[in-house]
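A look at the structure
In case you want the letters, here they are:
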Amino acid sequence: MRIDVQVPTADVEAELERIEARLQAAGRPLRSMATLDLWMPGLVLRHREADGEHFVYAEDVARGRLAGCTVFNRLVELDRRADRVLRSPHSKYGRLHQRRGIASAVYEWALGQGICLVSGPRQSPGANALWHSLAKAHPLGYASLEDKVLRYLGEEAGEDRQGDLHTRMVLLAHGWDVERFLRETRAVNECEGAATAPGP
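Residues numbered from 1 in each chain as written. Predicted model: local features only at pLDDT ≥ 70, side-chain atom pairs only at ≥ 80, totals over all residues. Heavy atoms only, no water.

**Regarding the pattern of salt bridges**
Working definition: two side chains of opposite charge can pair if their charged atoms are close together. By the definition in use, this model includes 10 salt bridges. Taking the shortest distance from any N to any O, the salt bridge between Arg31 and Glu59 comes out at 2.8 Å. Here Glu59 lies in strand β4 (residues 53-60) and Arg31 lies in the loop between α1 (9-25) and β2 (34-35), a separation of 28 residues in the sequence. Taking relative accessible area as the criterion, Arg31 reaches 59% and is therefore assigned exposed. Assessed through its relative accessible area of 4%, Glu59 is described here as buried. For Arg87, the salt bridge is made with Asp83, and the minimal N-O distance between the two is 3.5 Å. Residue classification places Arg87 among the buried positions, given a relative accessible area of 10%. A residue is classified by how much of its surface remains accessible, and Asp83, at 12% relative accessible area, is buried. Several salt bridges share partner residues, and in doing so they unite Glu15, Arg18 and Arg22 into one network. (Salt bridge = Lys/Arg side-chain N within 4 Å of Asp/Glu carboxyl O. Helix = DSSP H or I, 4+ residues; strand = E, 2+ residues; numbered from the N terminus. Buried < 20%, exposed > 50% of the residue type's maximum accessible area, 1.4 Å probe, protein only.)

**Looking at the packing of aromatic side chains**
For the coordinates displayed, the defined rule picks out 4 aromatic pairs. Three or more aromatic residues joined by ring pairs make a cluster, and in this case those are Phe72, Tyr107 and Trp109. Cation over ring: Arg48 sits above Phe55, and NZ or CZ is 4.2 Å from the ring centre. Lying over the aromatic face of Trp176, Arg180 brings its terminal NZ or CZ to 3.9 Å of the ring centre. (Phe/Tyr/Trp six-rings, centres within 6.5 Å; stacked < 30°, edge-to-face > 60°. Lys NZ or Arg CZ within 6 Å of the ring centre and 35° of its normal.)

**Overview of the environment of His97**
In this fold, His97 is placed in the loop between β6 (86-93) and α3 (102-112). Here the alpha-carbon distance between His97 and Ala58, two residues 39 residues apart in the chain, equals 9.4 Å. With residues near it in sequence (within four places) discarded, His97 still touches Leu43, Asp60, Arg63, Ala67 and Ile102. A distance of 3.0 Å separates polar atoms of two side chains, one belonging to His97 and the other to Asp60. Among the polar contacts made by the side chain of His97, one reaches the side chain of Arg100 at a distance of 2.8 Å. (Contact = heavy atoms within 4.5 Å. Polar contact = N/O pair within 3.5 Å; in protein donor to acceptor, adjacent residues only side chain to side chain.)

**Topic: the confidence of the model for the chain**
Scored by pLDDT, the chain has a mean of 90; 96% of the residues are at 70 or more. The lowest-confidence element of the chain is helix α5 (residues 159-162), averaging 74 in pLDDT; the highest-confidence one is strand β7 (residues 116-118), averaging 98. Across residues 193-200, confidence stays below pLDDT 50; counting only partners more than four residues off in sequence or on other chains, it has 15 contacts. (pLDDT = per-residue confidence, 0-100.)

**Section: the pairing of strand β5 (residues 65-73)**
Counting buried positions along β5 gives 8 out of 9 residues, so the element sits mostly inside the fold. Taken together, the 7 bridges between β4 and β5 define a ladder with antiparallel strand orientation. Residue Val56 lies in a different strand from β5, and its bridge partner there is Thr70. Hairpin geometry of β4 and β5 is characterised by an intervening segment of 4 residues between the two adjacent antiparallel strands and by a positive phi of about 65° at Gly64. (Pairing = 2+ DSSP bridges.)

**Overview of the sheet that holds β7**
If you trace the 10 strands from one edge of the open sheet to the other, you get β2-β3-β4-β5-β6-β7-β11-β9-β10-β12, paired in mixed fashion. Sheet topology places β2 and β12 (188-189) at the edges, where each strand pairs with a single neighbour. Here strand β10 (residues 149-154) pairs with β12 via 2 bridges, running parallel. By the bridge assignment, Arg151 is partnered in β12 with Val188. The strands touched by α1 within the sheet are β3 (43-50), β4, β5 and β6, with β5 carrying the most contacts at an inclination of about 85°. The sheet contacts of helix α6 (residues 178-185) involve β6, β10, β11 (167-171) and β12, and relative to β10 the element is tilted by about 165°. (Axes fitted to C-alpha atoms, helices over the stretch in contact; angles between N-to-C directions.)

What follows is the structure in structure tokens.
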């Protein structure tokens, strides 16, 4: 996993405009979606689910436009068992709505719903800091994902693992522990002293 992503703000703003236009064209305006019980000043957070993926949109009420969004994607790299448990979040928030804790609140919502999170192979410094902030309340570990095999590496990963694009961070949902994560995903446990998949 590499911390080397930096998307220009102008690109994010343009992408949000395209997302909002696509929603309108598809007959899914923001105000037609269910709201989440999350309070953020000046915003309404809206949610929809499609094909097992969750989409959370932050609507700037005063400006009447999309302020940002987080998508909890399924990963084709996961096998069926792990796909039931893990989603990979990706967030885009406009300049006026960055560093306001919106993504943190949305991730907390997902973790509270029992959704465990897995990072992508690359992150921005801000995203990486967010994950470690959430780790104060949720168990964080590292995993390797290659050829549809999920390997749990433990709570830390060495420098060689850190730079490997197969390495991901994992945040466990509310009420989850590592034992349950290994059982539910059938991940191979590569923590020191163990290198076998848990039993049924």
